[in-house]
Amino acid sequence: DTGVSQDPRHKITKRGQNVTFRCDPISEHNRLYWYRQTLGQGPEFLTYFQNEAQLEKSRLLSDRFSAERPKGSFSTLEIQRTEQGDSAMYLCASSLRGWKGTDTQYFGPGTRLTVL
Amino acid sequence: EDKVVQSPLSLVVHEGDTVTLNCSYEVTNFRSLLWYKQEKKAPTFLFMLTSSGIEKKSGRLSSILDKKELFSILNITATQTGDSAIYLCAVEASGAGSYQLTFGKGTKLSVIP
């Protein structure tokens, strides 16, 4: 399978615990994005990387959230001291920035987080 | 603030019907508009539109963009039960290093036999 993969697919945790999610993008893609989606809503942008550099962060990304892409390949998203409001589907997408300046983001299957 | 509004929010049709889904947007520095199909998993890419008036087609699906009136439509002809999904519209804006997608809430399409 050469698509975007995410691990784990489901995570249940207790409030106050830390969780970490992993995303492996399509291999030649230089851009990687994280989104959060709650029931009945479209995905909300959290952050994105071009190679290993984190270029943009949404104001939705509080201090408890941190994302890394250390070698410009896979990325991790960590949530510290989880709260019930963090329960959502966390989606990762990747793209290859083309010379025309537009690209298409391809999404992974998501990690569904439930905070009890 | 960038804004994407989809209508209707939900739609129920019979197999064989033709449907039109709407997406209007207000963004600064528009770059592209994308349509995605989301079933019980992550969104899958359908179309990217950057120019007005040029229809994109894929089988029974087609889409067109109007950059003057700031909207796009997604048409599905001869609908099948497998078309049942949430259809998401997203707009990419550029400027100041921003390449994020802003999504609408989606249109939930249910196709009944």
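Just above sits the structure.
A quick note: this is a predicted structure, and the numbers were derived from the prediction, not measured.

### Some words on the sheet that holds strand β1 (residues 5-7) of chain A
Hydrogen bonds between backbone atoms are what pair the strands of a sheet, whose relative direction is either parallel or antiparallel. All names here are of chain A. Across the sheet, four strands lie side by side as β1-β3-β8-β7; this open sheet has antiparallel pairing. Each edge of the open sheet is held by one strand with a lone partner, namely β1 and β7 (65-68). Sheet twist, expressed as the average angle between the axes of neighbouring strands with direction ignored, equals 15°. Pairing geometry for β7 and strand β8 (residues 75-79), over four bridges, is antiparallel. Within β8, the position partnered with F65 by the bridge is I79.

### A short note on the interface of chain B and chain A
Listed by partner, the interface residues are 21 residues for chain B and 23 residues for chain A. For the pair chain B and chain A, the summed buried surface comes to about 1700 Å²; carbon and sulfur atoms form 54% of the total. Where chain B touches chain A, the interface holds zero salt bridges. Connecting chain B to chain A are two residue pairs in polar contact (both at pLDDT 80 or more). Taken together, the elements giving at least two residues each to the side of chain B that touches chain A come down to β4 (30-38), β5 (44-49), β9 (85-93) and β10 (101-103) of chain B. With four residues, β4(B) is the largest single contributor of residues to the side of chain B that touches chain A. For the side of chain B that touches chain A, the class distribution of residues is eleven nonpolar, six polar and four charged.

### A look at the pairing of β8(A)
All names here are of chain A. Burial within β8 is extensive, with four of its five residues counted as buried. As defined by bridge partners, strand β3 (residues 19-24) adjoins β8 across five bridges and the pair is classed as antiparallel. Pairing of V19 across the sheet is with I79, part of β8. The antiparallel pairing of β7 with β8 creates a hairpin that spans six residues between the two strands, and G72 there sits at a positive phi of about 75°.

### Details of the state of the cysteines
Each disulfide is one covalent bond, formed between the sulfur atoms of two cysteines. Residues and elements named next belong to chain B. Within the structure shown, the criterion is met by two disulfides over all chains. Paired through a disulfide, C23 and C89 show a sulfur-sulfur distance of 1.9 Å. Looking down the S-S bond of the C23 and C89 bridge, the torsion is -70°, so its handedness is left-handed. On the criterion of sequence distance, the pair formed by C23 in strand β3 (residues 19-26) and C89 in strand β9 is long-range, its members being 66 residues apart. Across the pair, C89 and C23 agree in class, each one buried.

### Side note on the nonpolar core
Within the largest apolar cluster, 22 residues are counted, with the highest numbers of intra-cluster contacts made by B:Y25, B:L33, B:W35, B:Y87 and B:L109. Broken down by secondary-structure element, the contributors of at least two residues to this core are β3, β4, β5, β7 (61-66), β8 (71-76), β9 and β11 (107-112) of chain B. In contact with B:Y25, other than residues within four places in its own chain, are B:K3, B:V4, B:F30, B:L33, B:L65, B:D66, B:K67, B:L70, B:F71 and B:V91. Residues A:V4, A:C23, A:F49 and A:F65 belong to the second largest nonpolar core, which totals 19 residues.

### A short note on the side chain of A:R36
Structurally, the position occupied by A:R36 is in strand β4 (residues 31-37). Among the residues examined, A:R36 registers a relative accessible area of 12% and is labelled buried.

Basis of the calculations
Residues numbered from 1 in each chain as written. Chains lettered and ligands numbered in written order. Predicted model: local features only at pLDDT ≥ 70, side-chain atom pairs only at ≥ 80, totals over all residues. Heavy atoms only, no water. Pairing = 2+ DSSP bridges. Helix = DSSP H or I, 4+ residues; strand = E, 2+ residues; numbered from the N terminus. Axes fitted to C-alpha atoms, helices over the stretch in contact; angles between N-to-C directions. Contact = heavy atoms within 4.5 Å. Buried area = accessible area lost by both parts, 1.4 Å probe. Salt bridge = Lys/Arg side-chain N within 4 Å of Asp/Glu carboxyl O. Polar contact = N/O pair within 3.5 Å; in protein donor to acceptor, adjacent residues only side chain to side chain. Nonpolar A, V, L, I, M, F, W, Y, C, P; charged D, E, K, R; others polar. Buried < 20%, exposed > 50% of the residue type's maximum accessible area, 1.4 Å probe, protein only. Disulfide = S-S within 2.5 Å. Core = buried A, V, L, I, M, F, W, Y, C linked by side-chain atoms within 4.5 Å.

Any functional reading would require information beyond the geometric quantities listed.
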